[in-house]
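The lines below spell out each chain.
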Amino acid sequence: MTLDWNSFTPWTALAGGALIGLAAALLLLLNGRIAGISGILGGLLRPARRDVAWRVAFLLGLMGASWVYGLFAPLPVPRIEAGTGTLMAAGLLVGVGTRYGAGCTSGHGVCGLSRLSPRSLVATLAFMAAGFVTVFVLRHLLAG
């Protein structure tokens, strides 16, 4: 195993993590809501009367962040080593998993763990383990 020193960016990763933590804390403190992205997006599918504005603002801020970043630094070029079918299947499995796990990686991994939720700890360990196993199987056992 080698470390790609060109991709090692601890300061930007730390800043990004701090911003995610700040946004999650502010949403909880000011709105009483957990920053679980799938729940925020899902709430727009069956919107409640006074529930739409903050959800739309949060999602626009989430998507607009890369645009703001691009004003100050070049955006990285994504390299995805999967086909469209694989990406669609992965997205579907993530969606099903968030329903079974009663929340998504951001809801459990960021907000749940910071609230010391045992349920979120189990969920985070489960989806991290599933990710590790999937990468191992796809890259080492099935790769010809």
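Residues numbered from 1 in each chain as written. Predicted model: local features only at pLDDT ≥ 70, side-chain atom pairs only at ≥ 80, totals over all residues. Heavy atoms only, no water.

A. Molecular detail of the overall build of the chain. Counting its secondary structure elements, the chain contains 6 helices and 0 strands. For the chain, the succession of helices and strands along the chain, N to C, is α-α-α-α-α-α. If one aligns the C-alpha atoms of the chain with their principal axes, the spans along those axes are about 55 × 40 × 30 Å. Taking all 144 residues of the chain together, the buried fraction comes to 15%. Nonlocal contacts in the chain, meaning residues at least 24 apart in sequence, comprise 33% of its contacts between residues at least 6 apart. Here the chain has roughly 11,500 Å² of accessible surface; of this, 71% comes from carbon and sulfur atoms. (Helix = DSSP H or I, 4+ residues; strand = E, 2+ residues; numbered from the N terminus. Buried < 20%, exposed > 50% of the residue type's maximum accessible area, 1.4 Å probe, protein only. Contact = heavy atoms within 4.5 Å. Areas by Shrake-Rupley, 256 points an atom, 1.4 Å probe, with all protein chains shown as cover.)

B. Layout of the nonpolar core. Judged by nonpolar contacts, Ala24, Leu27, Ala35, Ile40, Trp54, Phe58, Leu59 and Cys111 together constitute the single largest core of 8 residues. Those elements giving two or more residues to this core turn out to be helix H1 (10–31) and helix H3 (52–72). Of all the elements, H3 adds the most residues to this core, at 3 residues. If near-sequence neighbours (up to four positions away) are discounted, leucine 27 is found in contact with Gly32, Arg33, Ile34, Ala35, Ile40, Trp54 and Phe58. (Core = buried A, V, L, I, M, F, W, Y, C linked by side-chain atoms within 4.5 Å.)

C. Structural detail: the pattern of salt bridges. According to the stated counting rule, one finds 3 salt bridges in the structure shown. A salt bridge links glutamate 81 to arginine 79, with the nearest nitrogen and oxygen atoms 2.9 Å apart. Here glutamate 81 matches arginine 79 in class, with each residue exposed. Beyond isolated ion pairs, a larger network of salt bridges with shared partners links Arg33, Asp51 and Arg55. (Salt bridge = Lys/Arg side-chain N within 4 Å of Asp/Glu carboxyl O.)

D. Fine view of the packing of aromatic side chains. Tallying each qualifying case throughout the model produces 1 aromatic pair. Pairing tryptophan 5 with phenylalanine 8 gives two aromatic rings, centres 5.4 Å apart and planes at 80°, and the pair type is edge-to-face. For phenylalanine 8, a relative accessible area of 43% puts it in the partly exposed group. (Phe/Tyr/Trp six-rings, centres within 6.5 Å; stacked < 30°, edge-to-face > 60°.)

E. Inspection of the packing of helix H5 (residues 105–114) against helix H6 (residues 118–141) at higher detail. Two numbers describe how H5 lies on H6: the axes approach to 9 Å, and their chain directions differ by 130°. As the angle between them shows, H5 and H6 are arranged oblique. Crossing handedness for the pair H5 and H6: left-handed. Between H5 and H6, the residues in contact are Thr105, His108, Gly109, Gly112 and Leu113 and Arg119, Ser120, Leu121, Ala123, Thr124 and Phe127, respectively. Considered class by class, the residues forming the contact of H5 with H6 number 4 nonpolar, 6 polar and 1 charged. (Axes fitted to C-alpha atoms, helices over the stretch in contact; angles between N-to-C directions. Parallel < 35°, antiparallel > 145°, perpendicular 65-115°, else oblique. Left-handed = near helix turned anticlockwise from the far one by under 90°. Nonpolar A, V, L, I, M, F, W, Y, C, P; charged D, E, K, R; others polar.)

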